[in-house]
Each structure stands twice: as C-alpha cells, then as structure tokens.
Amino acid sequence: MTGKSALSIEGFVIVSAEGNLADAAGVMPDVLKFEGDQRFFANALDRAALIVHGRNSFEDQPNSPRRKRLVVTRQVPSLAPDLANPNAVLWNPAGASFDEARARAGIQVGMIAVIGGPEIFAMFFDRYDTFWLSEALHVRLPGGQPCFPGVPAQTPQQVLAAHGLAPAERIVLDAPHDVGVTPWRRTTA
Ligand SMILES: NC(=O)c1ccc[n+]([C@@H]2O[C@H](COP(=O)([O-])OP(=O)(O)OC[C@H]3O[C@@H](n4cnc5c(N)ncnc54)[C@H](OP(=O)(O)O)[C@@H]3O)[C@@H](O)[C@H]2O)c1
C-alpha cells in the first residue's frame, strides 16, 4: 500500500461500450468527450498533487500548465527534466522506481492521479486506492484501443476486480447520454 494517510493513488479513464479509450486510429475522439465527464475530470485533477501519464496522453485543461506531472517514456534512462515543461519530469520506470520519481517531482503527500494510457494504468493496478471508471454506454469505437491490457478478453470491470477493487455507487455525469462514473475502491490491504 501507499502510506495511505499521506499519499493516495487514483486512476481515471472514460471508455466506450466496448471498454475502449481511443478509436481505431489511437485517438481519443470527440464522441468520447462529454461536458459532465470533462467537468468531473477537471475537478478531480484540481485536487491532485501529481499527474502521471504516458508520453501520448494529456488532459488538455486550463489548469494543465500549472500541474506537476510525471511523463512516462523510454526516451530517457531513468529520470530527467522535461525541457518543454518546468512542471514535468520524464520518467522511465525501468530505471527509477515510482517513489524515486515522485520524490524528484517534490511530492511527499497528496493524491496521485494516473490518467493513462493502458500500460501506465497497468503499472498501478495493485496500488490504486480508487479507480474512477467513466463509461459512455452509447458510444461504440469498433477496433479501438482497449483501456487496459487484457481487455476485451476481460471487461474493464473484471480487470479492476481481479486487482482487489470493488465498485461503489455509480454517479451520473450526463443522463441523456447515459454517461456515469463508478469509483472502484480497494477492498484488500
Ligand atoms: N479515454 C480516456 O480516458 C483516455 C485516457 C488516456 C489516454 N487516452 C487516449 O489514448 C491514446 C494514447 O494511447 P497510448 O497507449 O499511446 O498512450 P500513452 O500511455 O499515453 O503513451 C504511450 C507512450 O508512453 C510511454 N510508455 C508506455 N509504457 C511505458 C513503459 N512501460 N515504460 C516506459 N515508457 C512507457 C512510451 O513513450 P515513448 O514512446 O516516449 O517511449 C509510449 O510510446 C491517446 O489518444 C489518448 O488521448 C484516452
């Protein structure tokens, strides 16, 4: 576990009916963007001390430039400054642990928000305190990119359950489009 009183780790994704986070071209399409979910996501990231994502992911919000972040990449051997963003640290998990990476970013306490893509979500499967799974049940992205390794052989829910997380009550974010978010919380120590 993550020294629960001081640090927490939360994951965030929105998926299509098939459990895809991007379309067949590997792009998150506009049909997967809903105002209610975007507002939920922006508010959640405003309470994060640190954002973690792969080199191709980003959250594209007004507060993004102010946020501290770890950008996961194989382009550096371990840890390096991101010359394009003074609030970012480039991190290769093959060369430095997560605790080393967050220490380099200066983060000792607070919420760590993991926002994808699939390999980055998987790195934290056994460490999430809460994973916020948003679903757009009417959106289909055939041939798209699954949100986690192991999907679609398993559903995203089965993957989260296999890692000790259990669903709490779904929160409706956009009723007409049937978009909601379910917090999956850790049940085992
Ligand atoms: N619907 C959603 O909520 C949601 C969430 C997240 C992403 N997305 C979308 O999904 C698409 C991104 O997919 P993606 O899989 O390319 O995402 P990504 O994880 O953001 O980026 C992949 C890159 O991250 C680095 N990386 C991944 N695993 C690594 C590892 N184990 N060690 C070191 N570096 C690693 C590599 O960077 P290098 O090539 O630099 O080595 C890799 O090319 C985008 O369209 C994004 O907008 C959607």
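Source: prediction; values computed, not measured.

Participant: Looking at this structure, I do not really get the site of the ligand. What am I missing?
Facilitator: If you check the shell around the ligand, you find 24 residues, and the closest are G26, R55, S57, T73 and R74. Interatomic distance of 3.2 Å between a backbone N/O atom of M28 and an oxygen atom of the ligand. Its free accessible area being 920 Å², the ligand has 82% of it covered by the protein chains. Cavity membership is defined here by more than half of the atoms lying within 2 Å of grid points; on that basis the ligand lies in the largest pocket. Taken together, the elements giving at least two residues each to the shell around the ligand come down to β1 (7-15), β2 (20-22) and α3 (118-123).

Participant: Is there a simple way to think about the side chain of T73 in this case?
Facilitator: Of note, T73 is situated in the loop between β4 (69-72) and β5 (79-81). Classification of T73 as buried rests on a relative accessible area of 8%. Each residue touching T73, except ones within four places of it in the same chain, is listed here: R55, L90, W91 and N92.

Participant: When you look at the pairing of strand β7 (residues 110-114) in this model, what are you seeing that I'm missing?
Facilitator: A regular strand places its side chains so that they alternate between the two faces of the sheet. Among the five residues of β7, four are classified as buried, and the element is accordingly described as predominantly covered. For β1 and β7, the ladder comprises five bridges, and the chain directions are parallel. Looking at the pairing, E10 lines up with A113 of β7. As defined by bridge partners, strand β3 (residues 48-54) adjoins β7 across four bridges and the pair is classed as parallel. Note on β7: the bridge partner recorded for L50 is I112.

Participant: Just checking my understanding: could you explain the layout of surface pockets for this structure?
Facilitator: Regions of empty space are outlined by a rolling probe, equal in size to a water molecule, passed over the atoms. What the largest pocket holds in volume is close to 1100 Å³. What lines the largest pocket is a set of 38 residues, among which N56, S57, F58, G116 and G117 lie closest to the centre. Listing elements by their share of the lining of the largest pocket, those giving two or more residues are β1, β2, α1 (35-46), α3 and β8 (130-136). Sort the elements by how many residues they give to the lining of the largest pocket and α3 lands first, with five residues. Its residues assigned to classes, the lining of the largest pocket shows 18 nonpolar, 13 polar and seven charged.

The rules behind each value
Residues numbered from 1 in each chain as written. Predicted model: local features only at pLDDT ≥ 70, side-chain atom pairs only at ≥ 80, totals over all residues. Heavy atoms only, no water. Near = heavy atom within 4 Å. Polar contact = N/O pair within 3.5 Å; in protein donor to acceptor, adjacent residues only side chain to side chain. Areas by Shrake-Rupley, 256 points an atom, 1.4 Å probe, with all protein chains shown as cover. 1 Å grid on protein atoms, 1.4 Å probe; cavity = no way out; pocket = protein on both sides within 12 Å on 5 of 7 lines; lining within 4 Å. Sits in = over half its atoms within 2 Å of the grid points. Helix = DSSP H or I, 4+ residues; strand = E, 2+ residues; numbered from the N terminus. Buried < 20%, exposed > 50% of the residue type's maximum accessible area, 1.4 Å probe, protein only. Contact = heavy atoms within 4.5 Å. Pairing = 2+ DSSP bridges. Points joined across faces, edges and corners; volume = space filled by probe spheres on them. Nonpolar A, V, L, I, M, F, W, Y, C, P; charged D, E, K, R; others polar.

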